[in-house]
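As a plain string of letters, each chain reads:
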Amino acid sequence: MKFATYHDGSRDGQLWVVSRDLTLAIPATGIANTLLSAIEDWDRVSQPLASLYDRLNAGEESFATRFEPQRCLAPLPRAPQWLDASAFLNHGRLMDKAFDNPPNPEFETIPLIYQGASDDFRGPLADVEFSDDGLLIDMEGEFGIILSDVPMGTTAEQAKAHIRLLVQINDWSLRALGPREMRAGFGFLQAKPSTAFAPVAITPDELGSHWEGGRVKLSLHVDINGREVGRARGDEMHFSFGDLIAHCARTRRLTAGTIIGSGTVSNADRAAGSSCISEIRVIELLDQGAARTPFLTWGDRVRMEARLPDGFAPFGVVDQSVVRA
């Protein structure tokens, strides 16, 4: 199934079911008002939603209308919890090498995850406001999952059953503020403004064989001002989403609607490019002796879409401009 949230004047928007080819949509009227309410009541509403989805794809819903991404908020405009990992170890290795960080003996065995703000997620086509482009504005292309209720102590194998939906993410970052907040030891706050999402959240079965081992095995194409800078694949995610869930649930329950991000999609093959500017700059520093690619400023435009082998983007597209607040 595929879902979007249309802006209706409320904070949480209105849940719409979207056709498999992203051409048609219909409100989930009488089943669930919002995506969060659907996630929280999944056992009751998933079958009616699946029936509506099947009828929509079969052309049997006379009230279906053209899908309009410009009306979309984030699939979950706000969520109970947002946890973001760094599960692509190539990204971490590059950063450690560039900045001569000391070795982390747990680098390959314990995932790095921080708890971010989940009260104000951004839609796929919304301009992103910043007060100061001197804060080194960056984007980060990621994949993510939306969960059902997860009991404390859930194992990585058990965790698979709690993954309700997959999402595509642009995790905006302010690199000038990150180092100070990391040194303070309390995690990110100012360095992580509101995160943006592609318009459509999808059930894992929609990806077929491209969802395997708790990983999204698609290429994430990233453009800056019309120039492709990355097409890294999700296959190289070191920790699976099951691993990340188990880590987060080790000492507490996770509430339905919790979102977990993969961290920056990154591949060892330099030909795959990069999903964030910081990584581009680190590679330039290592290979050429100096970082040359600038961070983002007013008027710059970022586009991201994960593509199937035939070029179709199952999550839709994130396409945002950087503007002055």
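Refer to the structure printed above.
Residues numbered from 1 in each chain as written. Predicted model: local features only at pLDDT ≥ 70, side-chain atom pairs only at ≥ 80, totals over all residues. Heavy atoms only, no water.

Colleague: Mind laying out helix H2 (residues 42–57), listing which residues take part and the relevant values?
Modeller: An ideal rise of 1.5 Å per residue puts 22 Å on 16 residues; H2 measures up with 21 Å between its terminal C-alpha atoms. All buried positions along H2 are accounted for by Trp-42, Val-45, Ser-46, Leu-49, Ala-50, Leu-52, Tyr-53 and Leu-56. On its buried side, H2 packs onto strand E1 (2–6), strand E2 (14–18), strand E3 (24–27), helix H1 (35–40) and strand E10 (163–170). Following H2 by one or two positions, Gly-59 has its phi on the positive side, about 75°. (Helix = DSSP H or I, 4+ residues; strand = E, 2+ residues; numbered from the N terminus. Expected span 1.5 Å × (residues − 1). Buried < 20%, exposed > 50% of the residue type's maximum accessible area, 1.4 Å probe, protein only. Contact = heavy atoms within 4.5 Å.)

Colleague: Describe in detail the packing of aromatic side chains, supporting the description with residues and values.
Modeller: Each pair of aromatic rings is reported with the distance of its centres and the angle of its planes. With the rule as written, the count across this model stands at 10 aromatic pairs. Their ring planes at 85° and their centres at 5.0 Å tell us that Tyr-114 and Phe-188 sit as a pair that is edge-to-face. With Tyr-114 in strand E6 (residues 113–116) and Phe-188 in the loop between helix H5 (178–184) and strand E12 (196–197), this pair connects stretches of sequence that are 74 residues apart. Ring geometry for Phe-121 and Phe-197: centres 4.9 Å apart, planes at 65°, overall edge-to-face. Here Phe-121, found in the loop between E6 and strand E7 (128–130), pairs with Phe-197, found in strand E12; they are 76 residues apart in sequence, far enough to count as distant. One exposure class covers both Phe-121 and Phe-197, and it is buried. By way of ring pairs, the aromatic residues Tyr-6, Trp-16 and Phe-67 are connected into one cluster. Over the ring of Phe-188 we find Lys-192; its NZ or CZ atom is 5.3 Å from the centre of that ring. (Phe/Tyr/Trp six-rings, centres within 6.5 Å; stacked < 30°, edge-to-face > 60°. Lys NZ or Arg CZ within 6 Å of the ring centre and 35° of its normal.)

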